[in-house]
Amino acid sequence: MSAEPVLTLADLAAWARPGTSLAVLGHPIKHSVSPAMHNAALAQLAAVDPRYADWRYFRFEVPPDDLPRALELLQAARFHGVNLTVPHKVIAFGRVARLDPAAQPAGAVNTLRLEPAGWHGFNTDGYGLATAIRAELGRPLAGAHVLLLGAGGAARGAAVECLRQGCASLAIANRSAGNLQALLDIVRPLAGAIPVRGFAPGEAPADLPAGMIVINATSAGLRPGDPAPVDLAALPRPAAVYDMIYNPPRTPLLQAAAALGLPHAHGLGMLVHQGAKALELWTGVPAHCTAPAMAAAARAALA
Ligand code: NDP
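All values reported here derive from a predicted model rather than from experimental measurement.

A. Quick peek at the domain arrangement of the protein. Examined at the domain level, the protein breaks down into domain 1 (6-124 + 269-302) and domain 2 (139-262). Computed over C-alpha atoms, the centres of domain 1 and domain 2 are 28 Å apart. Taken together, the contact between domain 1 and domain 2 spans eight residues of the former and eight residues of the latter. Together, the buried faces of domain 1 and domain 2 total about 690 Å²; carbon and sulfur atoms form 69% of this surface. Considering only the side of domain 1, the residues that lose the most area to domain 2 are Pro105, Met270 and Leu302, jointly responsible for 57% of the buried surface there. Linking domain 1 with domain 2 are three residue pairs in polar contact (both at pLDDT 80 or more). Per-element accounting of the side of domain 1 that touches domain 2 gives the leading share, three residues, to helix H9 (residues 268-283).

B. The arrangement of the sheet that holds strand E3 (residues 56-61) in detail. Here we have seven strands laid out as an open sheet, ordered E1-E3-E2-E4-E6-E7-E5, and mixed in their pairing. Lying at the two open borders of the sheet, with one neighbouring strand each, are strand E1 (6-7) and strand E5 (98-99). Sheet topology places strand E4 (residues 81-84) next to strand E6 (residues 111-115); three bridges connect them, and they run antiparallel. Bridged to Gly81 within E6 is Arg113. Relative to E3, helix H2 (residues 34-48) is tilted by about 170 degrees, and along the sheet it contacts strand E2 (21-26), E3 and E4. In the packing of H9 onto the sheet, contacts are made with E2, E3, E4, E6 and strand E7 (118-122), and the angle to E6 comes to roughly 5 degrees.

C. Structural view of the pattern of salt bridges. A complete count under the given rule lists 10 salt bridges for this structure. One salt bridge in this structure joins Glu161 and Arg164, with 3.0 Å as the shortest N-O distance. Here Arg164 and Glu161 lie together in helix H6 (residues 153-165), a separation of three residues that amounts to about one turn. Measuring nitrogen to oxygen at the nearest pair gives 3.8 Å for the salt bridge that ties Asp226 to Arg223. Within the structure, one salt-bridge network assembled from shared partners comprises Arg98, Arg113 and Glu115.

D. The arrangement of H2 in detail. Relative to the 21 Å expected for 15 residues at 1.5 Å per residue, H2 spans 22 Å between its end C-alpha atoms, a close match to the ideal helical length. When we look at burial in H2, the residues that qualify are Ser34, Pro35, Ala36, Met37, His38, Asn39, Ala41, Leu42 and Leu45. The secondary structure elements touched by the buried residues of H2 are E2, E3, E4, H9 and helix H10 (287-302).

E. Highlighting the site of the ligand. The environment of the ligand is made up of 20 residues, and the closest members are Ala151, Ala154, Asn174, Ser176 and Asn179. A distance of 2.9 Å separates an oxygen atom of the ligand from a polar atom in the side chain of Arg175. Between Gly267 and the ligand, the recorded distance is 3.0 Å, taken from a backbone N or O atom to a nitrogen atom. Relative to its free-state accessible area of 930 Å², the ligand is covered by the protein chains to the extent of 76%.

F. Representation of the sheet that holds strand E11 (residues 213-216) within the structure. The six strands lie next to each other as E10-E9-E8-E11-E12-E13, forming an open sheet whose pairing is parallel. Across the chains shown, the open sheet's two edge strands, defined by having one partner strand only, are strand E10 (196-199) and strand E13 (264-265). Two elements, strand E8 (residues 145-149) and strand E9 (residues 169-173), share five bridges in a ladder whose sense is parallel. By the bridge assignment, His145 is partnered in E9 with Ser169.

G. Quick look at the layout of surface pockets. Considered as a void within the structure, the second largest pocket measures approximately 250 Å³ in volume. In terms of lining, the second largest pocket is formed by 16 residues, of which the most central are Ala102, Asn123, Thr124, Tyr127 and Arg164. Those elements that place two or more of their residues in the lining of the second largest pocket are helix H5 (125-137), H6 and H9. Examining the composition of the lining of the second largest pocket, we find that four residues originate from one element, H6, more than from any other. The residue inventory of the lining of the second largest pocket, partitioned by class, reads seven nonpolar, four polar and five charged.

Basis of the calculations
- Residues numbered from 1 in each chain as written.
- Predicted model: local features only at pLDDT ≥ 70, side-chain atom pairs only at ≥ 80, totals over all residues.
- Heavy atoms only, no water.
- Domains from an automatic or database assignment.
- Contact = heavy atoms within 4.5 Å.
- Buried area = accessible area lost by both parts, 1.4 Å probe.
- Polar contact = N/O pair within 3.5 Å; in protein donor to acceptor, adjacent residues only side chain to side chain.
- Helix = DSSP H or I, 4+ residues; strand = E, 2+ residues; numbered from the N terminus.
- Pairing = 2+ DSSP bridges.
- Axes fitted to C-alpha atoms, helices over the stretch in contact; angles between N-to-C directions.
- Salt bridge = Lys/Arg side-chain N within 4 Å of Asp/Glu carboxyl O.
- Expected span 1.5 Å × (residues − 1).
- Buried < 20%, exposed > 50% of the residue type's maximum accessible area, 1.4 Å probe, protein only.
- Near = heavy atom within 4 Å.
- Areas by Shrake-Rupley, 256 points an atom, 1.4 Å probe, with all protein chains shown as cover.
- 1 Å grid on protein atoms, 1.4 Å probe; cavity = no way out; pocket = protein on both sides within 12 Å on 5 of 7 lines; lining within 4 Å.
- Points joined across faces, edges and corners; volume = space filled by probe spheres on them.
- Nonpolar A, V, L, I, M, F, W, Y, C, P; charged D, E, K, R; others polar.

Following this line, the structure appears as structure tokens:
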């Protein structure tokens, strides 16, 4: 766990730090490894470029009702950039002065940059997911048959990214039929000629293709005793399995993937690459330059 203290709105209201400040806001925030990742990357940058010597990344515990006030205070204190985590990604989406067009279909922003007109919102989660799957499983989303598990906020971002990258087909499985239908209604208009379909996890269609990339975007696996969100052995043999969950690192889904001899990876890489892309938006330093330092810091913080 990072040694960064958990700050509050009261700390923000009294902010007088002269250097360049960055922050992550969440509720809860105490388990976030983002401060460890970003401060490790900033230390790496400062070692070769004195412009970064006074840059620092802080964490703030902000309940959802306080987000508007927090964004006002952060702007008044001239924070250069902000990351948003649960539950702020969707709330902040409607509150930015300017929205990156690529963030529009995700309906959520995880990165803000302060500009003269106010906060400019971006979403780097899709980049993080695609980059992690390519780097760790050797599979581009472009041209892949994807089976996406889940229909919440993370699944929406993942579905949008799969379509944006030009996947060959997208199948979505979710426990609750209503949430599945809502996600299908959002993503189908974005799909063009890419086939999109949905089903309940225990009712996989017989004609699903072999060689799919399975992506878990459910929270099944976060808690001890959670079931795997799908029975991998009942599917045509997938090519690879990516679980967005990284803590715990071995979920029931990844254990099943290992037992079947399938390439698999947990979600820490996604977290690292979305963070490195956010830092690129704030500094201009390409994400691939800072991702290794972030990965090492994230692993150490979780150890
Ligand atoms: P949401 O609460 O928005 O959605 C949760 C999803 O999980 C829903 O589809 C829900 O299904 C499903 N679900 C929950 N419990 C179960 C269960 N026991 N069995 C089957 N399905 C279940 O959460 P998010 O979309 O924000 O996050 C989802 C996961 O993604 C989390 O584990 C989160 O940690 C991870 N994540 C990882 C990131 C990374 O950088 N690695 C980034 C963002 C998220 P239903 O509709 O039926 O309720």
